[in-house]
Amino acid sequence: MSTVTLKDIGPLAFANSESGSPIVIAGPCSAETEQQTLATARALKGIGVTAFRAGVWKPRTMPGSFEGMGDQALAWLQAVKRETGMLVATEVATEAHVRAALDAGIDILWVGARTTANPFAVQEIADTLMCNDEVTVLVKNPLNPDLDLWMGALQRLAGAGITRLGAVHRGFSSAGAHLYRNDPQWHIPFELRRHAPGMTILCDPSHIGGKREFVEPLSQLALDAGFDGLMIESHCDPDNALSDSAQQILPETLKSILGKLVVRSGAPVEDELSLLRQQIDDCDHELLAVLARRMSVSREIGSYKKSHNLRVVQPARYQALIKARLDEARTLGLSQEFTQRIMQAIHEESVQQQLDLPDN
Ligand code: PEP
Ligand code: MN
């Protein structure tokens with residue numbers, strides 16, 4: 001086993017450009033046709049995009065979704081590189097993907113969130129790339145908020161002698177309704193930064209936000225938080241995109257966003273404060289989402305009680321619940337009085353929601 005640690009990973013060659021502007025990797029979620037790939041790339045050339053991205057093999061959550069055009073799309077990326085001079089990037093998940101992408105001269109490979117969560121797949125990629133010091137490999141965070149899994153994937157690649165390594169923060173999957181598609185949990189990439197201070201870390205606001213309107217504010221937030229750059233999905237016809245339609249933006253929209261982004265010089269005190277405030281925002285988003293879910297379950301219980309002719313308020317259940325919550329709060333270091341107030345308010349709202357249910 002190699003002894004390379006994340007602390008040894010330096011910035012990517014195309015990071016820290018002289019202009020000090022952030023790295024921008026942009027392009028469609030998927031390469032769908034040669035025409036769509038080239039039209040998007042032509043529109044992205046010359047607007048400050050460092051590398052063109054497009055998924056060739058798409059790991060989709062549900063079978064039957066568009067799964068990418070496969071090997072034939074590599075030729076379209078080669079055409080983009082030839083014609084525009086931009087670096088080209090695609091996602092790899094297996095040995096066969098890596099071999100095909102290397103044969104096609106792809107400059108940047110990224111490991112997607114679903115793959116980072118699977119150590120066997122990451123090791124297979126690392127073994128296939130063994131000692132490759134030409135290709136750049138970006139590791140997206142795993143689907144689940146597990147810093148060790150993310151660091152472990154980077155460690156496997158570093159251990160295989162891959163020197164051009166970076167990371168991409170794309171948020172974490174979570175159940176239930178949330179403001180964003182993927183929960184950012186900013187403290188996790190900040191912790192990664194602490195473990196790998198010299199490594200290039202990008203932010204993917206497209207997959208975090210999941211909606212076009214979030215791309216600009218999340219991009220600014222990422223730059224303010226010290227990310228080295230952005231990976232943004234851009235498509236020449238976003239409404240008709242075959243994957244991730246809602247979050248893709250037109251190249252001209254990206255141009256306008258890049259024109260507006262403010263790159264601030266690091267002001268440590270303010271930075272630290274804003275990082276902490278982002279964590280507060282994260283917590284509040286989570287709290288609200290959990291409350292919404294709790295009320296929805298509560299209404300279901302209300303319907304059940306109604307249809308079975310049960311009373312809405314069941315004092316024994318309420319007393320048992322409060323006692324259990326107070327015990328749990330004690331182990332979490334929360335004040336008993338505060339917990340009692342919160343639980344009471346939640347319970348009152350729950351009862352109200354059940355009373356307000358229409359008769360079936
Ligand atoms: C993508 O970049 O299109 C993609 C599938 O990303 P992720 O692995 O972050 O879901
Ligand atoms: Mn996508």
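Only a predicted model underlies this, so the values are computations on that prediction, with no experimental measurement involved.

Under the defined criterion, the tally for this structure stands at 3 aromatic pairs. Ring centres of Trp-186 and Phe-227 lie 5.9 Å apart, and the angle between their planes is 70°; on these two criteria the pair is classed as edge-to-face. Remark: Phe-227 occurs in the loop between helix H9 (212-224) and strand E8 (229-233) and Trp-186 occurs in the loop between strand E6 (165-169) and helix H7 (187-195); sequence separation between them is 41 residues. Residue Trp-186 is classed as buried on the basis of its relative accessible area of 3%. Given a relative accessible area of 8%, Phe-227 falls into the buried group. Site record: aromatic cluster; members linked through ring pairs are Trp-186, Phe-190 and Phe-227.

What follows covers a nonpolar patch on the surface. Together, Leu-332, Leu-334, Phe-338 and Ile-342 give the surface a local cluster of nonpolar side chains, amounting to about 360 Å² of exposed area. With respect to the element layout, Leu-332 can be found in helix H12 (residues 315-332). Classification of Leu-332 by relative accessible area gives exposed; the value is 60%.

Contacts to ligand 1 come from Cys-29, Arg-53, Lys-58, Glu-91, Trp-110, Gly-112, Ala-113, Arg-114, Lys-140, Arg-170, His-207 and Glu-233. Residue Ala-113 places a main-chain N or O atom 2.8 Å away from an oxygen atom belonging to ligand 1. Lys-140 places a side-chain nitrogen or oxygen 2.9 Å from an oxygen atom of ligand 1. Burial of ligand 1 by the protein chains amounts to 97% of its free accessible area of 290 Å². Counted by class, the shell around ligand 1 contains 3 nonpolar, 2 polar and 7 charged residues.

Once that is clear, we can look at the nonpolar core. Ranked by size, the top nonpolar core spans 73 residues in total, and within it Phe-52, Leu-129, Leu-154, Leu-157, Leu-192 and Leu-254 carry the most contacts. In this structure, Phe-14, Ala-89, Ile-108 and Met-231 belong to the second largest nonpolar core, which totals 12 residues.

What counts as what
Residues numbered from 1 in each chain as written. Chains lettered and ligands numbered in written order. Predicted model: local features only at pLDDT ≥ 70, side-chain atom pairs only at ≥ 80, totals over all residues. Heavy atoms only, no water. Phe/Tyr/Trp six-rings, centres within 6.5 Å; stacked < 30°, edge-to-face > 60°. Helix = DSSP H or I, 4+ residues; strand = E, 2+ residues; numbered from the N terminus. Buried < 20%, exposed > 50% of the residue type's maximum accessible area, 1.4 Å probe, protein only. Patch = residues over 30% accessible without salt bridge, like charges linked within 9 Å, V, L, I, M, F, W, Y side chains within 5 Å. Areas by Shrake-Rupley, 256 points an atom, 1.4 Å probe, with all protein chains shown as cover. Salt bridge = Lys/Arg side-chain N within 4 Å of Asp/Glu carboxyl O. Near = heavy atom within 4 Å. Polar contact = N/O pair within 3.5 Å; in protein donor to acceptor, adjacent residues only side chain to side chain. Nonpolar A, V, L, I, M, F, W, Y, C, P; charged D, E, K, R; others polar. Core = buried A, V, L, I, M, F, W, Y, C linked by side-chain atoms within 4.5 Å.

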